[in-house]
Amino acid sequence: MPQDNQSPRFFVVTTPGLSATRWLAYVLAEHPDVYVAHGKHALDAVIRGQFTQEQQSGDRDSLMRGNEMQALYDRHSLEEVFARYQQTRPEARVYGCVHSYTLDGLILAARNPQTLSNLRILNLVRHPVNYIASHYALVRSAEKHPRLYQLYVERVFPQALRAYPELFLMPCPDIRAFLAFAASCQGVANLLRDLVFPGVRSVKMEELTTRIELLQSVCQELTGLTYSPESLKTFINRGAVNQHRPRGASNDPRTIFEGWESWQQDIAQVMIPGAVLDWLEEMDYDVTMLRSESSAPSRTNTPSSEPPVPCLADHLRMLDQRHPYLEQLTRSGPSTIQFIDTEHPGFQLVHQEGKVYALARSLKVQNPSRLAPEALRMLEAKGLCFCTDTVAEAWVAIARSLFPNPELAAAQTMTTAPHLVEEGFRNFNLVSYGGKVFALAQCVGPVDFSRLSETEFRELRSKEQIFIADSLAEAKRWIEQLHERLQPQSLETTYKGFNLVAYRGSVWAVAQSLGSLDLASLPAGETEEHQRTARIFVAPSTEQARRWIDQISCPPRRRNLFSRIYRRAVSRSR
Amino acid sequence: MDTGTLKARKPLVVAAPRSGFSLLISVIDNLLRRGVGRISRSPRQIVLDRVVELASFYITQKYRSTFARFGITRDLIFNGEFHLLVGGPKWLEKSNPQLAGFRKYFGVRGMGDFLLVTTHPRQVLEFNDVVHSHTAPALWLQEDYYASFRKFTSIRNPLGIINSASFSLNAMASEYIQNFLPGESEDHIRQRHGLYKLTDLEFFRGLVRFLKGYLDEYLPCQKEYFVMRWEDLITDPPTTICRIAAALDLACSEEEAQALWKPMDHVNLLRFHKHNYRKGKGIVGDWKNSLVNEHLDIFREYGFDHYMEALGYPPVPVLDPRGYSPYQKLIARYLQRGELYRQVGDPDLFGFAFNKSNIDASKFGFKSFPARKWTRVERSTLSQDSVVEAVSDTAEECCEKINQLLFQVLDARLETWSDARDCIGSLEKDWTNLMGEVPDGRGLALYARALESIRSNCA
C-alpha cells in the first residue's frame, strides 16, 4: 500500500530500452491503482492498451507510434511530466514510467533534487550483445518509418561519431547497416553515463522476466502495492510484447556475437567501454566476447588481393564529398564517454556526519568529512567530490559536473530578465537575456529562459530551434544561414516525370504530378504518405534516385506492383 | 657566463628522430639568437653560406627542369625543406667523414618516390648555427674537427619515439597534402596510416630495429653528450632550457626561458614541412593510448628492457587490455585476426608517408641504384626508372660543379673580410655560367645579392 493515502507515489524504471519494457509496463499497470507510461508512447498507451493484442502487432505499433511523446520528455521537466501523468489518470495512487528516461536523462530532467529523493528508481539492464542485436533489428525496421529513423540519422549516429571518431576508420560495407549497428552500440556505451550515479538498484531483464519472486519484489518496491503471483506468472508465461528480432533467432550472446560480421564485432568491442563491461560482469553477465584481450596469431599476416571495403569516411565521401558527418572527423579531445571511461570511472557514496559525499572512484580518500573546507572546495571544483545533504543532490551535482552545457550555463549566470528584442524574424523570436541574444523558433512556443533545463536546451539546439549569439547581428546571421541551408535547391534535373531536388543533404525525387510543392513546409506525415505512394523518394544520390525511378517506370503491368518493387529497391540500397 | 658572442664552442646536436630533436635544435638556436648571443661567423663561413644559397637555387631548378623533360611538373612532390643544399636528413659519410651526406625525397603523384643522397664537404653543415644529425653519434666524437663542438642529444622514452613515428608525416607527405588534399583532416590521415603501421608487425619491427641500431651506437658514448630528456622539456620547460643554456655557457633566467619556450610550445617548428607536429599531441606517456601488448612484446624481443634501464626509463610494461582505448581495441582486433589495416586512403599519400628514413628497410624490397661519386639513389618505388636515372645524372653533374666551387672556397686563403670579397668575386664567372643554365633569371640576381651582402660586411 502507498505510505500516504493523500500524496501519490512516483516511480521510474530507467533503461536504454529493448529490455522487455513494454512487458514490464503492462505488468505494473495490472494493478488498478497504478498509472504507467511507457517510453515516448502516448501517455495512455499502456493503461488503455491490450497486452494480447499488442503481442500480435507490437513491433509495428512501436515503430509507428513509439516517438509520439518525444517532445513532452525533451521539453519538459520531470515535475511537469509527472503532472501530465496525474492529469491523464487522476484517480490513480501510483504514477510511473518505464523506459521514458535513461538514468542520466532522468537526473538532468529534474528541476528539484527533492523530486528525485521522493522517487523509486530502478535501472533495468540487459545483456549488451542481445540488446545490440535487438536494437539493430529495430533500427533496420525503422528505415520504413522515416519519423523514427530520423532520430538515428540526425541524433544518435552523430553522437556516436562524436564520441568515437575511430568509427570513421572502420570498414563500412553498407552505410545503413553501419549506422544501425553503431547506433545500437551507442546505447550500450551510454550505460557509462548511468554508471556514474551511485546508489541506484539495477536489475537484469533476463531474471526479471523469468523469476516470479524477483518480479513481485520489484513491483512492490516500485509501487508499494502487492501483486498476485498468479497474475505475474501469467505475464511471465505470455512472454515479451515486442520481439524486434526474428522469432527463432538464437538468444545466446556468444552465438549472436560470433554470427556478426567482423566489422560489427569491431564496432562492438571498440565502442563498449571497459568500465561498462566491468559493471556488467559484476552483475554476472558473461561479456568476455566483448573484451579485446588478444594475442597476435602465429601466422604472418598477408595482404589480401581483394580491394578493401572502404572505411566509413571514404564511404561517406563517395555519397557526398561534404557529407555533414565528415565534420566530426577532426577530433577535439576525448569525448565525455571516453573521459569517464579512462579518467573518471564513477563515484561512490560515503555517508558521514549527516552528509552525503559523492567521491570519485579515482580518488583515494577514505574520510571525506575530515577534509579541510579548502581541500573539499578544490575537489568539488575539479568535479571529484561533492558534499550534499541527500543522495539526490549528489546525483544532480555529478550530472552538472560531468554533463554541463557551458554555453547555457554562462548565459544563465548573468541574471538580467529576458527581453524580447524582435519578434518573428524569419519565424524566430530574438530575446536578449544574460548578456546574450537567444534566437528561438516561434514554433517552440513560450520558453522560460531562467528555467530552461539542459535536456530542453540540448533538444532545441539539436533541432536547430535555438541559438545563443553574442549579438543581434550574429543571431540574425545564423537564422539567415539556417534558412539558406534548409532551402530546397533544384538540381535542374527532371527524370521520367520526377523533379530532382537537393534538400537536407539528400536528393529528393518529387513526382511532377504533385505540382508545385514546398518541401520545407511539408508536414512529416504528408511526406511519409508521398513516399509510401512513390511520389517522393529520398535518395543518397542522383544516380540512386534515377535507379529507383527506373524501377517504377517499367512496363505498365509492373507499375501495379509498385509497392513490392519499391520495397525491394529500398532493401537493395541498404 | 657570457651573453655575448659565442666564440669557443659551436653546438652539435645528434639524436634519434622523434626524440625531441627539432625542439632541442630550436631551443639552442633561440638561446643563441637572443640579443647579441649569435655565433660569430668567420669570413670563410660567410662565403660558404652564400655559395650554399646559390647552389640551392641552382640545383633545385635543375631538378625541376629534369622532371619537366618527362612532363612532370604539377605532380612533382618536392618539399621546400629539401630545396636547400643542406636541407633534409644529414650525416657524416662513414667511408669519408670529410663529406656530409644529405637525403632528398622526391615523389611524383601516381608514380611513386625515391630518395636521393647528395654529398658535399662537411663544412657546409655549419650553414645552420646548430649542426645537427640523426645519425652515427659515435662517429662525430671520433672526428677531431668536431672536438671543440659542444655536443647535445635528446632522448625520449623509446616507446614514445616509436609511437610518434607511427603517426608521423614526413615532409614529402606534407607537401602532397598541401598540394592535393588541402581540406583533408590531418588527424584522420595520421590515424589511418597509424592503424596500418601498428597492425603490420613487420613494419613495426622495422621501426624498432632502426631505433635499436641507433641506441646500440649511442649508449656507449652517451656520456660525451649533454642529454636533454624530451619529457623534462615538456613537463618543466624553464628548468630544462636553463640547463641547456648553462651547457652553452649562456646566462638564462627562468623567466627568459619561459618566454623563449612560449612560441615553440606544441607548435610546428618547420617552415615548409607543415605536418612535423601532430596537433593535440606531444603528451608524455601518450603511447599508452595506441600501443598494445603485441608491440611491447616486440620491444622486449629486441632487448629494450636493457635500453630502457640504460636510458633511465622504467622497463617495458605489460598493459591491461581492459584499459585499452577505443583505438587500441581496434588495433587489437586486427592483430587478433592476423589482418592488416588496409583502408589507408590515398595510395600516393600512403606511399609518400612510408617511414623510409627511420626504418630498417631491408625487408621491404625497395630499388636502390649503384652509388656514384657524389650521389646515390636509395629506396625507389618510382615506376619509371628512366626518370630516376635522369635525376641522378642531373644531381651528379650539379654536385660535381657545386663541390668544385665549395672546395675552391675551402682551399682559398680567407682570413679577412677583404679576402671574402675577393673570393666571392672570383666565382662570378662560374656562377654566371651556372645560373645561365637555368631559365629563371632570379639565379643571376641572387649572385648579385650575395656579392652585395659580403661587400656590406667588409664595409
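Placed above this text is the structure.
Given the structure is predicted, the values throughout are model-derived calculations rather than measurements. Numbering of residues starts from 1 in every chain and runs along the sequence as written. Chains carry letters from A onward and ligands carry numbers from 1 onward, assigned in written order. Residue-level local features of this predicted model are given only where pLDDT is at least 70; pairs of side-chain atoms are given and counted only at 80 or more, and the full residue set underlies all totals for whole chains, interfaces and linings. Side-chain figures throughout are based on the complete set of non-hydrogen atoms in the structure, without hydrogens or water.

All right, on to the overall build of chain B then. A run of H or I in DSSP becomes a helix once it reaches four residues, and a run of E becomes a strand once it reaches two; helices and strands are each numbered from the N terminus. Scanning chain B from terminus to terminus reveals 18 helices and 9 strands. Throughout, the radius of gyration refers to the C-alpha atoms, and the reference size of a globule is 2.2 Å times the residue count to the power 0.38. Here the C-alpha atoms of chain B give a radius of gyration of 23 Å, agreeing with the 23 Å that 2.2 N^0.38 yields for 459 residues. Counting all 459 residues of chain B, 60% fall into the buried class. Exposure was quantified through the Shrake-Rupley algorithm and a 1.4 Å probe, taking into account, for residues, occlusion by the shown protein chains and nothing else. With an accessible surface of roughly 17800 Å², chain B has 50% of that area assigned to carbon and sulfur atoms. Of the side-chain charges in chain B, 59 are positive and 56 negative, and the distance between the mean point of each set is 2 Å. Three labels apply to residues, based on accessible area from a 1.4 Å probe with only protein chains included: buried if under 20% of the type maximum, exposed if over 50%, partly exposed otherwise in between. Charge counting follows a simple rule: Lys and Arg are positive, Asp and Glu are negative, and His as well as the terminal groups are ignored. Lysine's charge is taken at NZ, arginine's at CZ, aspartate's at CG and glutamate's at CD.

What follows covers the nonpolar core. By nonpolar core is meant a set of buried Ala, Val, Leu, Ile, Met, Phe, Trp, Tyr and Cys residues that side-chain atoms within 4.5 Å join together. If you look at the biggest cluster of nonpolar residues, it comprises 223 residues, and the most contacted ones within it are Tyr152(A), Leu167(A), Leu312(A), Leu31(B), Ile244(B), Phe299(B) and Trp431(B). For this core, the element with the most residues is helix H2 (residues 43-69) of chain B, which contributes 12 residues. The contact rule is simple, with two residues in contact once any of their heavy atoms fall within 4.5 Å. Aside from chain neighbours lying at most four places away, what touches Leu312(A) is Phe157(A), Leu161(A), Leu167(A), Phe168(A), Met170(A), Cys172(A), Ile175(A) and Phe178(A).

Residues and elements named next belong to chain A. Note that arginine 126 resides in the loop between strand S4 (119-125) and helix H7 (128-142). In this structure arginine 126 is buried but unpaired, with glutamate 206 as the nearest side chain of opposite charge at 4.9 Å. Between N or O atoms, a polar contact is any pair within 3.5 Å; within protein, one atom must be a potential hydrogen donor and the other a potential acceptor, and residues adjacent in sequence are included only when both atoms are from side chains. Side-chain polar atoms of arginine 126 contact the backbone oxygen of leucine 18, separated by 2.6 Å. At 3.2 Å, the side chain of arginine 126 and the side chain of serine 134 are in polar contact. Discounting chain neighbours no more than four positions away, the residues touching arginine 126 are Leu18, Ser19, Tyr131, Ser134, Met205, Glu206 and Tyr285. Basic side-chain nitrogens of Lys or Arg form a salt bridge, by our definition, when they fall within 4 Å of a carboxyl oxygen of Asp or Glu.

This part covers the environment of Leu460(A). Residue and element names in this part refer to chain A. Here leucine 460 is to be found in helix H22 (residues 454-462). A relative accessible area of 2% means that leucine 460 is categorised as buried. In contact with leucine 460, not counting residues within four places along its chain, are Leu440, Val444, Leu452, Gln465 and Ile466.

Overall, the coordinates contain 52 salt bridges over all chains when judged by the stated rule. Across the pair Arg93(A) and Asp33(A) runs a salt bridge whose closest N-O atoms are separated by 2.5 Å. Taken as a pair, Arg93(A) in the loop between helix H4 (78-88) and strand S3 (94-98) and Asp33(A) in the loop between helix H1 (21-29) and strand S2 (34-38) lie far apart in primary sequence, 60 residues in all. Taken together, the shared-partner salt bridges connect Asp29(B), Arg33(B), Arg41(B), Asp49(B) and Asp129(B) into one network.

Between chain B and chain A, the contact holds 30 residues from the first and 41 residues from the second. A simple way to read buried area is as the amount of 1.4 Å-probe accessible surface that goes missing from two parts once joined, with both sides added. Interface of chain B and chain A: buried area, both sides summed, is about 3100 Å²; carbon and sulfur atoms make up 51% of it. Interface area lost by chain B to chain A is led by Arg322(B), Arg333(B) and Arg342(B), which between them contribute 22%. Taken together, the links from chain B to chain A amount to 6 salt bridges. Here Asp314(A) and Arg192(B) are joined by a salt bridge, their closest N and O atoms 2.6 Å apart.

Residue and element names in this part refer to chain B. Fitted lines through C-alpha atoms give the axes, limited to the stretch in contact for helices. The angle between two N-to-C directions lies from 0 to 180 degrees. As a packed pair, helix H17 (residues 428-436) and helix H18 (residues 442-458) sit with axes 8 Å apart at the nearest point and diverge in direction by 160°. With respect to H18, the axis of H17 lies roughly antiparallel. The hand of the H17/H18 crossing is right-handed. Of H18, the residues touching H17 (which contributes Glu428, Trp431, Thr432 and Met435) are Gly443, Leu444 and Tyr447. For the contact of H17 with H18, the class distribution of residues is 4 nonpolar, 2 polar and 1 charged. Every angle not falling under 35 degrees, over 145, or within 65 to 115 is termed oblique; those three ranges are roughly parallel, roughly antiparallel and roughly perpendicular. Handedness of each helix crossing follows the sense of rotation of the near helix against the far helix: counterclockwise by less than a right angle gives left-handed, clockwise gives right-handed. Gly is placed with the polar residues, together with every amino acid not listed as nonpolar (Ala, Val, Leu, Ile, Met, Phe, Trp, Tyr, Cys and Pro) or charged (Asp, Glu, Lys and Arg).

Let us look at the pairing of strand S8 (residues 226-229) of chain B. All names here are of chain B. Only one face of S8 is covered, namely the one carrying Phe226 and Met228; the face carrying Val227 and Arg229 has none of its residues buried. Any two strands with at least two DSSP-identified bridges between them are counted as paired. As paired elements, strand S7 (residues 150-155) and S8 share 4 bridges and run parallel to each other. Across the sheet, residue isoleucine 155 finds its bridge partner in S8, namely arginine 229.

This part takes up unusual backbone geometry. Working note: non-glycine residues mostly have negative phi, and peptide bonds are mostly trans. All names here are of chain A. For histidine 99, which is not glycine, the phi dihedral falls at a positive 65°. Inspection of the secondary structure assignment puts histidine 99 in the loop between S3 and helix H5 (103-109). One non-glycine residue, arginine 426, lies in the positive phi region at around 45°. Turning to its location among the elements, arginine 426 is positioned in the loop between strand S9 (419-425) and strand S10 (428-433). Using a relative accessible area of 38% as the deciding quantity, one classes arginine 426 as partly exposed.

As a further point, take the sheet that holds S8(B). All names here are of chain B. Here we have 4 strands laid out as an open sheet, ordered S6-S1-S7-S8, and parallel in their pairing. Of all the strands in the sheet, just strand S6 (131-133) and S8 have a single pairing partner and so form its edges. Averaged over all pairs of adjacent strands, the angle between their axes in this sheet comes to 20°, without regard to strand direction. Here 3 bridges tie strand S1 (residues 11-14) to S6, and the two strands are oriented parallel to one another. By the bridge assignment for S6, leucine 12 is matched with valine 131.

All names here are of chain A. Those residues of helix H13 (residues 229-238) lying buried are Ser231, Leu232, Phe235 and Ile236. On an axial view of H13, the arc spanned by its buried residues comes to 140°, and they lie on one face. Opposite the packed face of H13, turned more than 90 degrees from it, sit the exposed residues Glu230 and Asn237. Immediately beyond the C-terminal end of H13, within one or two residues, lies glycine 239, with a positive phi of roughly 85°. Our arc is simply the arc of the directions from the helix axis toward the C-beta atoms.

Residue and element names in this part refer to chain B. Among the 10 residues that make up helix H5 (residues 171-180), 8 are buried, leaving the element largely enclosed by the rest of the structure. All of the buried residues along H5 are Ala171, Met172, Ala173, Ser174, Glu175, Tyr176, Ile177 and Phe180. Elements in contact with the buried residues of H5: strand S2 (76-77), strand S4 (99-108), strand S5 (112-121), helix H6 (186-199) and helix H14 (347-353). N-cap assignment for H5: the residue whose side-chain oxygen lies 3.1 Å from the backbone N of methionine 172 is asparagine 170.

Bringing the environment of Gly17(A) into the picture now. Here Gly17(A) lies in the loop between strand S1 (9-14) and H1. Note on Gly17(A): relative accessible area 0%, which makes it buried.

This brings us to the packing of helix H7 (residues 201-218) of chain B against helix H11 (residues 293-301) of chain B. Residues and elements named next belong to chain B. Viewed as axis vectors pointing N to C, H7 and H11 meet at an angle of 40°, and their least axial separation amounts to 10 Å. As summarised for this structure, H7 and H11 are arranged oblique, according to the angle between their axes. Handedness of the H7/H11 crossing: right-handed. For the pair H7 and H11, the contacting residues are Leu201, Phe204, Arg205 and Val208 in the first and Glu294, His295, Ile298, Phe299 and Glu301 in the second.

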